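Each chain, letter by letter, is given below.
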Amino acid sequence: MDNSIQDLGRERVGVLIVRYGLPCVISLLVGALYNIVDQIFIANATYLGSYGNAANTAFFPLTVGALAIAVMCGDGACAYASRLLGLNEKNKALKSVGSAISVTIISSIILMIIYIVFQDGLVVMFGGSVNEKTYLYAKEYLFYIALGIPFYMFGQAANPIIRADGNPRFAMIAILIGAITNIILDPIFIYILKWGMMGAAIATVIGQFITAILSLIYICKMKNLSIGLKDLIIDAHEAITTLKAGLTSFLSQISLVLAMMAINNMIMKYSVIDPIFSSPELTQIPMAVLGIVMKFFQIVISIVVGLSAGCIPIVGFNIGSGYKKRVRDLLKLLLISEFVVGLVSFILVEFFPDQLISLFGASSESIYYTLYAEKAFRIYLALIILACINKATFIFLQGMGKVLESTILSMVREVVFGVGFALLLPVFFKLDGVLYSMPISDLITFIISVYLLIKISKELKKG
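Small disclaimer: the values here were computed from a predicted structure and weren't measured. (Residues numbered from 1 in each chain as written. Predicted model: local features only at pLDDT ≥ 70, side-chain atom pairs only at ≥ 80, totals over all residues. Heavy atoms only, no water.)

S.K.: How do you make sense of the overall build of the protein when you look at a structure like this?
M.R.: Counting its secondary structure elements, the protein contains 18 helices and 0 strands. Radius of gyration (C-alpha) of the protein: 21 Å, near the 23 Å computed for a compact globule of 463 residues. In the protein, buried positions account for 61% of the 463 residues. For the protein, the proportion of contacts with a sequence separation of at least 24, taken over those separated by at least 6, is 82%. Carbon and sulfur atoms make up 71% of the accessible area of the protein, which amounts to about 17300 Å² in all. Where the 33 positive side-chain charges of the protein centre and where its 27 negative ones centre are 10 Å apart. (Helix = DSSP H or I, 4+ residues; strand = E, 2+ residues; numbered from the N terminus. Rg over C-alpha atoms; globule rule 2.2 N^0.38 Å. Buried < 20%, exposed > 50% of the residue type's maximum accessible area, 1.4 Å probe, protein only. Contact = heavy atoms within 4.5 Å. Areas by Shrake-Rupley, 256 points an atom, 1.4 Å probe, with all protein chains shown as cover. Lys, Arg positive; Asp, Glu negative; His and termini not counted. Charge placed at Lys NZ, Arg CZ, Asp CG, Glu CD.)

This is the structure we're talking about:
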């Protein structure tokens, strides 16, 4: 076994968090920036503005839906294969990785076809029909992004697999090069060539294609998880076990799709009766603003999940090897790190919302755009510190192989509360009800997370 894998059981846990967590954070941040960068350039193009912003927001849940399947395959393979390597069961680890890659490729092609064939209905389902201009922009953006779904999903699934092979640096570089390409092409296609939403989408797809090719090249030459063509034949047992191991990652992402579908439709419903936003030229503002707030939240969560997901191979290997004290030390250090991330984020959203919203073209928008954005940042992300702790708990449980606990906690937070409150609270508080849904969900989930963290700590002390 390669020394980089053996180091998981002997190197200081603080060093391992930096070595594995930092590249994972950068990878996820850069992956999140694909859509966010598009939105920044779209928002600052005067001929697109908040209409383009709202269209981008309408499509965002569909991108996350594709990501949900990809991370279920990739994170599942990473967690399961790492535990198998710790148990010295390499053949099973290879089958897990090969099955995960094949499932990703097949599902990405199916999803691409669904997005293209049912694009009209999907745009309406996710709130893109708030007005005619937003609807047309959303359809244009969706079509071209859909063509790149196989590249996007393969690159995202391959990333944790490459980390499990002991090379988090290459995983980071592959994502980074694709994102830089997107950042370079976006202003050329949007501002110079005036390709609008199509230009933003094509720039994104080209970046995703480059990441996918780089990832494919590495996977063909992996050291510890060197798979052959026979490993790509889906093994039902290993595939199911792998997908179960990645179920928390799937739920964490897919619930965002459900929550945004609920939120977008609630916004569309209550904007038309709001005293201010019922005006036709302002109706798209709440959707555009909530999209921006969620994009900022995604940046924060990318850091949080990156630190936690970077620990998956460390946790998996040490649990498999029986080194429980190392796992306990890792958990303490991880929670401290996540708290710091949450605290910095809280300061930004509560004290500097104007600076955050200015990145998305607020200067050219109505004063109502800025005022609603300030309120949205301060209320929707009021308990962002607790959100960071909650996410870390989900993923750490996943890395320990506690699929049931991780899945239940994720389901409660992301689906029961996340979607439930998004649908229920607007009935009583109209547009403001949408903003209250997240902090209430995180408060309740945090109480459950604390209970599970105490339980984990006691269990690890027995080792």
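S.K.: Quick question: what am I supposed to make of the pattern of salt bridges here?
M.R.: Opposite charge on two side chains makes pairing possible when the charged atoms of those side chains draw close. Under the definition given, this model contains 6 salt bridges. Between lysine 92 and glutamate 89 there is a salt bridge whose closest N-O contact spans 3.6 Å. With its nearest N and O atoms 2.8 Å apart, the salt bridge here joins aspartate 442 to arginine 413. Relative accessible area serves as the criterion here: at 2%, aspartate 442 is assigned to the buried category. (Salt bridge = Lys/Arg side-chain N within 4 Å of Asp/Glu carboxyl O.)

S.K.: I would appreciate a short explanation of the layout of surface pockets in the present structure.
M.R.: If you roll a probe as big as a water molecule over the atoms, it shows you where there is empty space left. Estimates place the volume of the largest pocket at around 360 Å³. Surrounding the largest pocket, 18 residues form its lining, Ile101, Ile105, Phe154, Leu216 and Leu232 being those nearest its centre. Of all the secondary structure elements, the ones that give two or more residues to the lining of the largest pocket are α4 (90–117), α7 (149–164) and α9 (196–219). (1 Å grid on protein atoms, 1.4 Å probe; cavity = no way out; pocket = protein on both sides within 12 Å on 5 of 7 lines; lining within 4 Å. Points joined across faces, edges and corners; volume = space filled by probe spheres on them.)

S.K.: Honestly, empty space enclosed by the protein in this entry has me stumped. Any pointers?
M.R.: For the structure on display, the rule yields 4 cavities of 30 Å³ or more. By volume, the second largest cavity amounts to about 50 Å³. Lining the second largest cavity are Leu397, Lys402, Glu405, Leu452, Lys455, Ile456 and Glu459. It is helix α18 (residues 403–461) that contributes the most residues to the lining of the second largest cavity, 5 residues altogether.

S.K.: Quick question: what am I supposed to make of the side chain of threonine 134 here?
M.R.: Relative to the helices and strands, threonine 134 is located in helix α6 (residues 132–147). The contact partners of threonine 134, leaving out residues within four places of it in the chain, are Tyr51, Ala54, Ala55, Gly128 and Gln284.

S.K.: I keep staring at the environment of leucine 431 and nothing clicks. Help me out?
M.R.: Tracing the chain through its elements places leucine 431 in helix α18. Along the primary structure leucine 431 and isoleucine 263 are separated by 168 residues, whereas in three dimensions their C-alpha atoms are 9.6 Å apart. Beyond its immediate sequence surroundings of up to four residues, leucine 431 is in contact with Ile267, Tyr270, Ser271, Asp274, Phe277, Pro286 and Tyr372.

S.K.: Help me out: how do you make sense of the side chain of serine 99 in this one?
M.R.: Turning to its location among the elements, serine 99 is positioned in helix α4. Within the structure, serine 99 has its side chain in polar contact with the backbone nitrogen of aspartate 235 (distance 3.1 Å). The residues touching serine 99, leaving out its near neighbours within four places in the chain, are Asp231, Ile233, Ile234, Asp235 and Ala239. (Polar contact = N/O pair within 3.5 Å; in protein donor to acceptor, adjacent residues only side chain to side chain.)

S.K.: Is there a simple way to think about the packing of helix α14 (residues 324–351) against helix α17 (residues 384–399) in this case?
M.R.: Between two packed helices, the angle of one axis relative to the other and the distance separating the axes together describe the packing. One way to put it is that α14 packs onto α17 with a least axis distance of 8 Å and a crossing angle of 150 degrees. By the angle between their directions, the pair α14 and α17 is classed as roughly antiparallel. Every pair of crossing elements has a handedness; the one defined by α14 and α17 is right-handed. Touching Val327, Leu330, Leu331, Leu334, Leu335, Glu338, Phe339, Gly342, Leu343, Ser345 and Phe346 of α14 are Ile384, Ile385, Cys388, Ile389, Ala392 and Phe396, all from α17. Of the residues in the contact of α14 with α17, the class split is 14 nonpolar, 2 polar and 1 charged. (Axes fitted to C-alpha atoms, helices over the stretch in contact; angles between N-to-C directions. Parallel < 35°, antiparallel > 145°, perpendicular 65-115°, else oblique. Left-handed = near helix turned anticlockwise from the far one by under 90°. Nonpolar A, V, L, I, M, F, W, Y, C, P; charged D, E, K, R; others polar.)

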